[in-house]
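Each chain, written out:
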Amino acid sequence: MTARTAGLGALALAAFVLLAFVPRLGNAYYLALAISLLQYTVLATAWGMFSGPTRYVSLATTAFFGVGAYTVAVLGEILPWPLVLLIAAALGAILAAIVGLSTLRLSGVYFVIFTFGLTELIRQLVVWFEVNKSRVLGRYVFVDITQADIYWQLLALTAAVFLLGWLIARSRLGFALRVIGEDETVAKHCGINTTFAKVALFTISATVMTLVGAIMAPRWTYIEPSIAFNSMISFQVLIMALLGGAHRLWGPVLGAVPLTLLFELLSARFPNTFTIILGCIFLLIVYMLPRGVAGLFEKLAAAPGGKTTQRVAA
Amino acid sequence: MTTFLTRRTALLVAAACAATLGLAAVAQAQTSIKIGYAISRTGPNTGGAAVTTIPNYELWVKEVNAAGGIKLGDKRVPIEVVQYDDRSNAEEAVRALERLINQDKVDFILPPWGTGLNLAVGPTLNREGYPHLAATAVTDRAPELAKRWPNSFWMLGTSADAAKTLVELLSKLRDEKKIGDTVAMVSIADGFGIDLSSAARPALTNAKFKLAYDKSYPIGTQDLAPIVNEIKALNPDVFIAFSYPPDTLALTEQSRITGFNPKIFYTGVGTAFPLYRQKFGKNTEGVMGIGGWSGDSPAIKDYLARHKASAANGAEPDRWASAVTYASLQMLQQAIERVGKIDRAAVIKDLQTGSFDTVIGKVKLENNMPTRYWWVGQWQDGEFYGIAPAGNEGARTAIVPKPAWVAP
């Protein structure tokens, strides 16, 4: 461990400790905003963990998020909370492994369409089950979890995701994924077990998303399929990760934070023209920042005058 | 900082601060009442919110301000509105409310549209001690929720009650030998349809009705012709559809085309919408549906006229939750005026115990819920009148059997 990584690690640790005190500010609005920021940070980072290196664009975020939320809706009042989270994570992992094994052979636009369809498939399965078997649609979540608890859980998850991402990027798995992202055929010829690598990372990323769904569920009291499987989440996460730059572990944060704040600002100031302004902003992002904010930083750093920066292989 | 903060500005700032504090402290010196709401202006809830909720909020604010505002003590203060779009999203609705409470510091909050969103914002309003008059939520857990959140008022009742009242009406009509005992029931595979059909199923069986058909269809089903044809072949006396607006229209249209004309034709949400009459004209005659109002009461007639005059394009209110929504606003106003200051705990207490004069008549809540609801309405001569429970004031007698469909 070099002095630089140690320094960065210490800085990150200090930041997390500082962030842990946000609920102490005693303002429910700022807490809600912070929860939203963390939620999208974790989702976008988890999305970038898989999609960044492999360049598979996934729209399945909502599917996993919804599975997590629904697990809480079904089990939240029956089992102790840590067990509920554990089951949610396990369900997410199993689902992702099955989906991964059967679909990661698809590539390009086929994969995008499949992942989008997956959300709808799971949602319809849940609806079918609730309509024909349990005969209730819409479940109530009355668990004893405060907003501050939700915030702290998300913060812990954020820390875990960054640590995990950092470890993976330095492992053989991370290297294998980068090779796959550059050229999958070459990766196969190098002797990389591409299916294993892709499924493993897809599963890790999906488990994190499922956990976010489970942690967020107590905020709503009432859950029905259209609330838990709201496909907007998939698109928002995708846009945030792309804005930030999915090729870096810290990239998606750079998209998630400003965009969440922007959504908040727009819905507060322009409640009636929100969607129009949002559309224009997305157009601007796509044209002006094709490699995201992270790409912009790198370009600035690499420019003559941008002084010395060590370029870690992306 | 200190360089440009002269003594004079400091003094001015201090004076301003003191003035603001003074305003906040002395309720009588209040110059306006801030009322906030987050409503679905985009997303799947837009249709419901635009018919039932938004026009009533706007009408009420306009009327109150035209009269000088809400009476606090011996003076009137106007309403100032802060509003957001919840984008039909539970998370967004919760956050918008937290913004209203903590950033905009509104005095009162009006609820969002729909069962799901009202439940989502319940805990926040309870924690912050704001009265929550849920006028567009139908849930079987309403009595339990009212206990859990004593600040919440469930103005539209429970789906179990809705199904029970319908079956009681059917039993009575059967006793009068007006109908037989075969029933065909369809329901949409969504919250409303499932809740009502699972309450109606045992009620019908207990009342010894024969359930000849009992199926659900997925939300968004475009072609309902196979269902109508299948049911027509069974020739039931009673047709019940616990449907949403698009399928309410489609089922009615399809029944008219195929000439399926049972003695009782009952459809779900949307039957009470003015749109339904616009679309079917004379063919609405005798159609029953969920909701209804006392169409003969002068208060309702007056409300209808004012609503038409105020809403864009002269839109009419729906004949179910609209009047209840408006009544809930009147109740809020009367409670605030009786308390005479911005004291939310006292307003909640007054809502729990007081009695109120509203467009839907005198309302006195018991356990945070009204005691009377309109559960079955029927189109009679171009108006959707409440027909059950029959004990309600202004209840009309049902037209049975339903007249034949006419060519449009």
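In case you missed it, the structure is sitting above this.
The following paragraphs examine the structure supplied in this document. (Residues numbered from 1 in each chain as written. Chains lettered and ligands numbered in written order. Predicted model: local features only at pLDDT ≥ 70, side-chain atom pairs only at ≥ 80, totals over all residues. Heavy atoms only, no water.)

1. So, the overall build of chain A
Along its length, chain A carries 14 helices and two strands. For a compact globule of 314 residues, the expected C-alpha radius of gyration is about 20 Å, and chain A comes in at 20 Å, within 12% of that figure. Along the three orthogonal principal directions, the C-alpha set of chain A runs to about 65 × 50 × 40 Å. Scored against the burial criterion, the 314 residues of chain A give a buried share of 51%. A total of about 15,000 Å² of accessible surface is found on chain A, and carbon and sulfur atoms cover 71% of it. Charge centroids of chain A, computed over 20 positive and 11 negative side chains, lie 10 Å from each other. (Helix = DSSP H or I, 4+ residues; strand = E, 2+ residues; numbered from the N terminus. Rg over C-alpha atoms; globule rule 2.2 N^0.38 Å. Buried < 20%, exposed > 50% of the residue type's maximum accessible area, 1.4 Å probe, protein only. Areas by Shrake-Rupley, 256 points an atom, 1.4 Å probe, with all protein chains shown as cover. Lys, Arg positive; Asp, Glu negative; His and termini not counted. Charge placed at Lys NZ, Arg CZ, Asp CG, Glu CD.)

2. Topic: the interface of chain B and chain A
Many analyses report the size of an interface as the accessible area lost when the parts associate. Contacts between the two partners involve 35 residues from chain B and, on the opposite side, 29 residues from chain A. Counting the surface lost from both chain B and chain A, the interface buries some 2,900 Å², and carbon and sulfur atoms represent 54% of this. Together, Arg87, Glu91 and Arg95 of chain B form the three largest contributors to the area buried by chain B at its contact with chain A, with a combined 20%. Taken together, the links from chain B to chain A amount to four salt bridges. Its salt-bridge partner being Glu98 of chain B, residue Arg219 of chain A comes within 3.6 Å of it at the nearest N-O pair. Summed over the shared surface of chain B and chain A, the number is five residue pairs in polar contact (both at pLDDT 80 or more). Contributing elements (two or more residues each) for the side of chain B that touches chain A: β4 (79-85), α3 (90-102), α4 (115-128), α5 (142-148) and α7 (191-206) of chain B. (Contact = heavy atoms within 4.5 Å. Buried area = accessible area lost by both parts, 1.4 Å probe. Salt bridge = Lys/Arg side-chain N within 4 Å of Asp/Glu carboxyl O. Polar contact = N/O pair within 3.5 Å; in protein donor to acceptor, adjacent residues only side chain to side chain.)

3. Things to note about the nonpolar core
Core analysis: the biggest nonpolar cluster contains 216 residues, and Trp60, Trp154 and Ile240 of chain B have the highest contact counts within it. Ignoring anything within four residues of it in the chain, the contact list for Ile240 of chain B reads Leu166, Leu170, Val183, Ala184, Met185, Val186, Leu204 and Tyr266 of chain B. Within the second largest apolar cluster, five residues are counted, among which are Val131 and Leu137 of chain A together with Ala189 and Ile194 of chain B. (Core = buried A, V, L, I, M, F, W, Y, C linked by side-chain atoms within 4.5 Å.)

4. Some remarks on the sheet that holds β4 of chain B
All names here are of chain B. Strand order in the open sheet formed by three strands is β4-β1-β5, and the pairing between neighbours is parallel. Each end of this open sheet is capped by a strand with a single partner; those strands are β4 and β5 (108-110). Geometrically, the sheet is characterised by an average inter-axis angle of 25° between neighbouring strands, direction not taken into account. Helix-sheet contacts for helix α2 (residues 46-66) involve β1 (33-39), β4 and β5, and the interaxial angle to β1 is about 170°. (Pairing = 2+ DSSP bridges. Axes fitted to C-alpha atoms, helices over the stretch in contact; angles between N-to-C directions.)

5. Here's the deal with the side chain of His132 of chain B
Residues and elements named next belong to chain B. Positionally, His132 belongs in strand β6 (residues 132-134). Here His132 falls in the buried class, since its relative accessible area comes to 1%. A polar side-chain atom of His132 sits 2.9 Å from a polar atom in the side chain of Asn118. The residues touching His132, leaving out its near neighbours within four places in the chain, are Pro111, Asn118, Val121, Gly122, Leu125, Asn151, Ser152, Phe153 and Trp154.

6. Here's the deal with the packing of aromatic side chains
What the rule picks out here adds up to 26 aromatic pairs over all chains. For the pair Tyr29 of chain A and Tyr30 of chain A, a centre-to-centre distance of 5.6 Å together with 55° between the ring planes defines the contact as tilted. Under the relative-accessibility criterion, Tyr30 of chain A is labelled partly exposed at 41%. With 5.1 Å between their ring centres and 40° between their planes, Tyr303 of chain B and Tyr326 of chain B make a pair best called tilted. In this pair, Tyr303 of chain B sits in helix α11 (residues 298-310) while Tyr326 of chain B sits in helix α12 (residues 321-339), placing the two residues 23 residues apart along the sequence. For Tyr303 of chain B, a relative accessible area of 0% puts it in the buried group. For Tyr326 of chain B, a relative accessible area of 3% corresponds to the buried category. An aromatic cluster is built from Phe50, Tyr56, Phe64, Phe111 and Phe202 of chain A, whose rings are joined through pairwise contacts. Directly above the aromatic system of Tyr385 of chain B lies the positively charged group of Arg396 of chain B, at a separation of 3.6 Å from the ring centroid. (Phe/Tyr/Trp six-rings, centres within 6.5 Å; stacked < 30°, edge-to-face > 60°. Lys NZ or Arg CZ within 6 Å of the ring centre and 35° of its normal.)

7. Quick notes on the packing of helix α4 (residues 81-103) of chain A against helix α9 (residues 194-216) of chain A
In a packed pair of helices, the relevant descriptors are the angle between the two axes and the axis-to-axis distance. Residues and elements named next belong to chain A. Put simply, α4 and α9 touch, their axes get as near as 7 Å, and they point 145° apart. In the crossing of α4 with α9, the sense of the turn from one axis to the other is right-handed. On α9, the residues touching Trp81, Leu85, Ala88, Ala89, Gly92, Ala93, Ala96, Ala97, Val99, Gly100 and Leu101 of α4 are Thr195, Val199, Phe202, Thr203, Ala206, Thr207, Thr210, Leu211, Ala214 and Ile215. Among the residues forming the contact of α4 with α9, the class breakdown is 15 nonpolar, six polar and no charged. (Left-handed = near helix turned anticlockwise from the far one by under 90°. Nonpolar A, V, L, I, M, F, W, Y, C, P; charged D, E, K, R; others polar.)

8. Focus on the sheet that holds strand β12 (residues 288-290) of chain B
Residue and element names in this part refer to chain B. Taking strand neighbours across the sheet as the criterion, the seven strands line up as β9-β8-β10-β11-β12-β15-β16 in an open arrangement whose pairing is mixed. The open sheet has two edge strands with one neighbour each: β9 (210-217) and β16 (383-388). Strand-to-strand twist of the sheet, defined as the mean angle between neighbouring strand axes without regard to direction, takes the value 20°. In the sheet, β12 pairs with strand β15 (residues 376-380) via three bridges, with the strands oriented antiparallel. Residue pairing in the sheet places Gly289 in a bridge with Gly377 of β15. Across the sheet, helix α9 (residues 245-258) lies against β8 (182-188), β9, β10 (238-242) and β11 (264-267), angled at about 155° from β11, the strand it touches most.

9. Things to note about a nonpolar patch on the surface
A cluster of nonpolar side chains, contributed by Leu106, Val109, Tyr110 and Ile113 of chain A, occupies part of the molecular surface with about 420 Å² of accessible area. Along the chain, Val109 of chain A falls in helix α5 (residues 109-134). (Patch = residues over 30% accessible without salt bridge, like charges linked within 9 Å, V, L, I, M, F, W, Y side chains within 5 Å.)

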